Amino acid sequence: MNTQPSYHITAYYKFITISDIETAKNFFESTAKKNNILGLIILAPEGFNSTVAATTENDLKNYKSEILKYFNLQTLNFKDSKSDKAPFRRLAIKLRSEIVTLGTPELRPPDGKNYHLTPTEWNQVMKTETDDVVLIDTRNWYETKIGTFKNAINPMTDQFTEFPKFMESQNISKEKKVLIFCTGGIRCEKGILDLHKQGYNNVYQLDGGILNYLKEYPNDEFEGECFVFDHRVSVDQDLKPSTKYDLCPHCGQPAQTKIDCKRCDSVQMICENCAVIDWKKDTCSKNCAHHLELHPDRKGSKQPLGY
Ligand SMILES: [Zn+2]
Ligand SMILES: [Zn+2]
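Residues numbered from 1 in each chain as written. Chains lettered and ligands numbered in written order. Predicted model: local features only at pLDDT ≥ 70, side-chain atom pairs only at ≥ 80, totals over all residues. Heavy atoms only, no water.

Novice: Would you mind showing me how to read the coordination of the zinc ion (ligand 1) here?
Specialist: Six octahedral donors around a metal ideally subtend angles of 90 or 180 degrees, whereas four tetrahedral donors ideally subtend 109.5 degrees. Taken together, the protein donors to the zinc ion (ligand 1) comprise Cys248 (SG), Cys251 (SG), Cys271 (SG) and Cys274 (SG), at separations of 2.3 to 2.4 Å. One can describe the donor arrangement at the zinc ion (ligand 1) as tetrahedral, given that its four donor atoms subtend angles of 102 to 115 degrees at the metal. The exposure class of Cys251 is partly exposed, given its relative accessible area of 33%. With relative accessibility at 1%, the residue Cys271 sits in the buried group. (Donors = N, O, S within 2.8 Å, 3.2 Å for Na, K, Ca; no water. Tetrahedral: all angles 85-135°; square planar, octahedral: opposite > 155°, others 65-115°. Buried < 20%, exposed > 50% of the residue type's maximum accessible area, 1.4 Å probe, protein only.)

Quick look at the structure:
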């Protein structure tokens, strides 16, 4: 019998005016609790943005339909995946000024889809117009590092607010076809508005982002794994939790280098950046790094006393 708990995860967002944010917060809180949902829900006057996990398919189904009902929506693009590893340890509902931070709460995507390419349309462009398009990853450098589309430009940003400046600095013809993508689509919703403001006339975004693309086209134009902001670290081509990466205990980025902690002897993965820094490269945590720096010759508490 399979007793392994499995988690049903969904990522979703919607730009929709929420005039009474406290009431919306109460709705999400009670609906999540009722359906044993954990995860992150971001609310702002411009809408909601969230990834959550349930322990049964039915709980997740109920949760989704209550959201549709509450906001009076016919459909919503829920990007689903499954995991045997718990993606979240608690429920967090955060009230912000934007549901995706670009620093421009006044930029609000219109309803409907004007510049969205479905995964099929996206693939068509990728495969037939390669020389005529500029493909840009709007995500941060540590996300891009573990997987991206073939031939995509990596802006090397630390956070999304840096993306508009990066695009201003590029010598891309304003008439050139520009394709942008992110994890689930929400960053591009705002990114595209900013690019229009900059005068780009021919910009398209991948509808539903990489998560939506992989659902339909695993092992195709996207290479590597897709970083996600929860305990799975990333998902593979089949949207399964990463078996390759862990989160670096020192800096929170994807980690692939296995080390034995010199202080406490536990085994841990750390990232390649921290793997070249003294005190970090041989330790499993910030705490062990700190103690090793203070007392390089002393072992930690997991060692027998008097060691
Ligand atoms: Zn690190
Ligand atoms: Zn340690």
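Back to the text.
Novice: Quick question: what am I supposed to make of the packing of aromatic side chains here?
Specialist: Two aromatic rings, taken as a pair, are described by how far apart their centres are and by the angle between their planes. As enumerated under the stated definition, the model contains 21 aromatic pairs in all. For the pair Trp122 and Phe181, a centre-to-centre distance of 6.1 Å together with 80 degrees between the ring planes defines the contact as edge-to-face. With Trp122 in helix 3 (residues 119–128) and Phe181 in strand 9 (residues 177–181), the pair connects residues that are 59 residues apart, well separated along the chain. The buried category is assigned to Trp122, whose relative accessible area is 0%. In this structure Phe181 comes out as buried when scored by relative accessible area, which is 0%. An aromatic cluster of three or more residues is present, and its members are Tyr12, Phe27, Phe28, Phe48, Tyr63, Tyr70, Phe71 and Phe78. The aromatic ring of Tyr200 is capped on one face by Lys174, whose charged end is 4.6 Å from the ring centroid. (Phe/Tyr/Trp six-rings, centres within 6.5 Å; stacked < 30°, edge-to-face > 60°. Helix = DSSP H or I, 4+ residues; strand = E, 2+ residues; numbered from the N terminus. Lys NZ or Arg CZ within 6 Å of the ring centre and 35° of its normal.)

Novice: What is the right way to read helix 1 (residues 21–34) from this model?
Specialist: Every α-helix carries 3.6 residues per turn, so stepping three or four residues along brings you back to the same face. For helix 1, with 14 residues, the first-to-last C-alpha span of 20 Å sits near the 20 Å given by 1.5 Å per residue. Considered for burial, the residues of helix 1 that qualify are Ile21, Ala24, Phe27, Phe28, Thr31 and Ala32. For helix 1, the buried positions fall inside an angular range of 120 degrees around the axis, keeping them on one side. Facing away from the buried surface of helix 1 by more than 90 degrees, the exposed residues are Lys33 and Lys34. (Expected span 1.5 Å × (residues − 1). Arc of directions from axis to C-beta.)

Novice: Can you walk me through the environment of Asn36 in this structure?
Specialist: Topologically, Asn36 is positioned in the loop between helix 1 and strand 2 (38–44). Through-space distance from the C-alpha of Asn36 to that of Ala53 is 8.5 Å; in sequence the pair is 17 residues apart. In this structure, Asn36 is in contact with Ala53, Ala54, Thr55 and Asp59, ignoring residues within four places of it in sequence. Of note is the side chain of Asn36, whose polar atom sits 3.5 Å from the side chain of Asp59. (Contact = heavy atoms within 4.5 Å. Polar contact = N/O pair within 3.5 Å; in protein donor to acceptor, adjacent residues only side chain to side chain.)

Novice: It is not clear to me how the coordination of the zinc ion (ligand 2) should be interpreted in this structure. Could you clarify?
Specialist: Taken together, the protein ligands of the zinc ion (ligand 2) are Cys261 (SG), Cys264 (SG), Cys284 (SG) and Cys288 (SG), with distances of 2.3 to 2.4 Å. Each of the four donor atoms bound to the zinc ion (ligand 2) contributes to angles spanning 102 to 114 degrees, and the resulting shape is tetrahedral. If you list the donors of the zinc ion (ligand 2) from N- to C-terminus, the spacing comes out as C-x2-C-x19-C-x3-C. Across this residue pair, the class does not change: Cys284 and Cys288 are buried.

Novice: Sorry if this is basic, but what is going on with the pairing of strand 10 (residues 203–206) here?
Specialist: Looking along a regular strand, one sees side chains alternate from face to face of the sheet. Sheet topology places strand 6 (residues 116–117) next to strand 10; two bridges connect them, and they run parallel. Bridging from a neighbouring strand, Leu117 pairs with Leu206 of strand 10. Crossover strand 9 to strand 10 through helix 6 (residues 186–197) is right-handed. (Pairing = 2+ DSSP bridges. Right-handed = clockwise from strand over helix to strand, strands pointing away.)

Novice: Would you mind showing me how to read the nonpolar core here?
Specialist: Side chains that are nonpolar tend, in soluble globular proteins, to be buried together. Ranked by internal contacts, the top residues of the largest apolar core, which has 25 residues, are Ile136, Met167, Val178 and Ile180. When contributions to this core are tallied by element, the ones reaching two or more residues are strand 1 (7–15), strand 2, strand 7 (133–137), helix 5 (163–168), strand 9 and helix 6. Per-element accounting of this core gives the leading share, five residues, to helix 6. Lining this core are residues from two domains, each supplying at least three of them: domain 1 (7–95) and domain 2 (116–235). Not counting residues within four places of it along the chain, the set of residues in contact with Ile136 comprises Ile153, Pro155, Phe163, Phe166, Met167, Ile172, Val178, Leu179, Ile180 and Phe181. (Core = buried A, V, L, I, M, F, W, Y, C linked by side-chain atoms within 4.5 Å. Domains from an automatic or database assignment.)

Novice: Would you mind showing me how to read the environment of Lys281 here?
Specialist: Here Lys281 lies in the loop between strand 17 (267–270) and helix 8 (286–294). The sequence separation of Lys281 and Val134 amounts to 147 residues, and the corresponding C-alpha distance is 38 Å. Not counting residues within four places of it along the chain, the set of residues in contact with Lys281 comprises Ile259, Ile270, Cys274, Ala275 and Val276.

Novice: What am I meant to see in the pattern of salt bridges here?
Specialist: For the structure shown, the criterion picks out 15 salt bridges. Glu46 is paired through a salt bridge with Lys190; the nearest N and O atoms lie 2.9 Å apart. Separated by 144 residues along the polypeptide, Glu46 in the loop between strand 2 and strand 3 (47–54) and Lys190 in helix 6 bring together distant segments of the chain. Considered together, Glu46 and Lys190 belong to a single accessibility category, that of buried residues. Arg139 is the partner of Asp137 in a salt bridge, and the nearest nitrogen-oxygen pair spans 2.9 Å. Given a relative accessible area of 0%, Arg139 falls into the buried group. One network of salt bridges, with partners in common, ties together Lys262, Asp278, Lys281 and Asp282. (Salt bridge = Lys/Arg side-chain N within 4 Å of Asp/Glu carboxyl O.)

Everything listed here is a matter of coordinates, which is why it stays silent on function.
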